[in-house]
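Each chain, written out:
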Amino acid sequence: DVKVTQSSRYLVKRTGEKVFLECVQDMDHENMFWYRQDPGLGLRLIYFSYDVKMKEKGDIPEGYSVSREKKERFSLILESASTNQTSMYLCASSRITTGARLRPQHFGDGTRLSIL
Amino acid sequence: AQSVSQHNHHVILSEAASLELGCNYSYGGTVNLFWYVQYPGQHLQLLLKYFSGDPLVKGIKGFEAEFIKSKFSFNLRKPSVQWSDTAEYFCAVNEDGNKLVFGAGTILRVKS
């Protein structure tokens, strides 16, 4: 079974800090994703990576960056945390799409991040 | 760009009632459609998916969904809900190859 592990379930940081959220998957998936989940807004894509050192901006990349140095690990970085980045952050992974069939994404448990 | 609408944000049902959650997407053409569920305190997990073929798709835990191309819809149904179905449900549609666009989610509470 696919396992996507996020380093922390809960995290509290201060405004202006640089924050690192880590995600590791154990199924050799090519694709990895970072979302934020907010009530009434669903999941919004922050960044997406389809290969090592490759990244694409999602719908809400402002204030965030990512790093993918190894295939199994995808890090989300809040360069200077602000209170409006308080949210639930979800990491996901999937196999690369072949043909017309999008492979299902597998999710981690999420990190609930509070910025004070 | 693709967008997904889930019409009901909160649904409260009694056990054994029938469930239908609406999902509409904006962009036609070839679509891959998904329903995910998030039980309290757990990660999102796949309920069912549609790629092509029979528009009535069966998933886990007795859920099914019907793809109606002419209505750009992919509604989720269950004939008889249980207390354990209390969760948040997300509809998602593919965009640009490997990416998904999610709806805002529907919180279902089943009263025992």
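As shown above, the structure is provided for reference.
1. Some details on the overall build of chain A
Piece 1. What chain A contains, in helices and strands, is zero helices and eleven strands.
Piece 2. Along chain A, helices (α) and strands (β) appear in the sequence β-β-β-β-β-β-β-β-β-β-β when read from the amino end.
Piece 3. For 116 residues, the compact-globule estimate of 2.2 N^0.38 gives 13 Å, and chain A sits close to it at 14 Å.
Piece 4. For chain A, the spread of C-alpha atoms along the principal axes amounts to about 45 × 30 × 25 Å.
Piece 5. For chain A, with 116 residues in total, the buried portion stands at 46%.
Piece 6. Across chain A, every contact between residues at least 6 apart in sequence was considered, and the portion connecting residues at least 24 apart equals 57%.
Piece 7. Carbon and sulfur atoms provide 49% of the accessible area of chain A, an area that totals close to 5700 Å².
Piece 8. Here chain A contributes 18 positive and 15 negative side-chain charges, whose respective centroids are spaced 2 Å apart.

2. Observations concerning the pattern of salt bridges
Piece 1. In the structure shown here, the tally under the stated rule is twelve salt bridges over all chains.
Piece 2. Residue A:K53 is joined to A:E69 by a salt bridge in which the shortest nitrogen-to-oxygen separation is 2.4 Å. On the criterion of sequence distance, the pair formed by A:K53 in the loop between strand 5 (42–51) and strand 6 (54–57) and A:E69 in strand 7 (residues 64–70) is long-range, its members being 16 residues apart. Each member of the pair A:K53 and A:E69 is classed as exposed.
Piece 3. The network of salt bridges with shared partners includes B:K58, B:E64, B:E66 and B:R77.

3. As for the environment of A:F74
All names here are of chain A.
Piece 1. Along the chain, F74 falls in strand 8 (residues 73–78).
Piece 2. The class for F74 is buried, based on a relative accessible area of 0%.
Piece 3. In this structure the C-alpha to C-alpha distance between F74 and C91, which are 17 residues apart in sequence, comes to 8.4 Å.

4. Re the sheet that holds strand 7 of chain A
Residues and elements named next belong to chain A.
Piece 1. Read from one edge to the other, the open sheet built from four strands follows the order 1-3-8-7, with strand pairing classed as antiparallel. Pairing within the sheet leaves two strands with one partner each, and these edge strands are strand 1 (4–6) and strand 7. Across the sheet, the mean angle from the axis of one strand to that of its neighbour is 20°, orientation sign disregarded.
Piece 2. Bridge count between strand 7 and strand 8: five bridges; the pairing is antiparallel. The residue bridging Y64 from the neighbouring strand is L78, located in strand 8.

5. So, unusual backbone geometry
Residues and elements named next belong to chain B.
Piece 1. With a phi close to 80°, A16 is a non-glycine residue in the positive phi region.
Piece 2. Here F72, not a glycine, exhibits a phi torsion of approximately 50°, which is positive.
Piece 3. Mapped onto the elements of the fold, F72 is located in the loop between strand 8 (64–68) and strand 9 (73–78).
Piece 4. The exposure class assigned to F72 is partly exposed, which follows from its relative accessible area of 32%.

6. Considerations on the pairing of strand 9 (residues 87–94) of chain A
All names here are of chain A.
Piece 1. Of all eight residues that make up strand 9, eight are buried, and the element is covered over most of its length.
Piece 2. Of the two faces of strand 9, the one lined by S87, Y89, C91 and S93 and the one lined by M88, L90, A92 and S94 are each fully buried.
Piece 3. Bridge count between strand 4 (residues 31–38) and strand 9: seven bridges; the pairing is antiparallel. Counted as the bridge partner of M32 is S93 from strand 9.

7. What to know about the interface of chain B and chain A
Piece 1. Each side of the interface is counted separately: chain B has 21 residues, and chain A has 25 residues.
Piece 2. Both faces combined, the contact of chain B with chain A buries some 1900 Å², and carbon together with sulfur accounts for 55% of it.
Piece 3. Seen at the junction of chain B and chain A, the total is one salt bridge.
Piece 4. Between A:E56 and B:K99 there is a salt bridge whose closest N-O contact spans 3.8 Å.
Piece 5. There are eight residue pairs in polar contact (both at pLDDT 80 or more) connecting chain B and chain A.

What counts, and where the lines are drawn
Residues numbered from 1 in each chain as written. Chains lettered and ligands numbered in written order. Predicted model: local features only at pLDDT ≥ 70, side-chain atom pairs only at ≥ 80, totals over all residues. Heavy atoms only, no water. Helix = DSSP H or I, 4+ residues; strand = E, 2+ residues; numbered from the N terminus. Rg over C-alpha atoms; globule rule 2.2 N^0.38 Å. Buried < 20%, exposed > 50% of the residue type's maximum accessible area, 1.4 Å probe, protein only. Contact = heavy atoms within 4.5 Å. Areas by Shrake-Rupley, 256 points an atom, 1.4 Å probe, with all protein chains shown as cover. Lys, Arg positive; Asp, Glu negative; His and termini not counted. Charge placed at Lys NZ, Arg CZ, Asp CG, Glu CD. Salt bridge = Lys/Arg side-chain N within 4 Å of Asp/Glu carboxyl O. Pairing = 2+ DSSP bridges. Axes fitted to C-alpha atoms, helices over the stretch in contact; angles between N-to-C directions. Buried area = accessible area lost by both parts, 1.4 Å probe. Polar contact = N/O pair within 3.5 Å; in protein donor to acceptor, adjacent residues only side chain to side chain.

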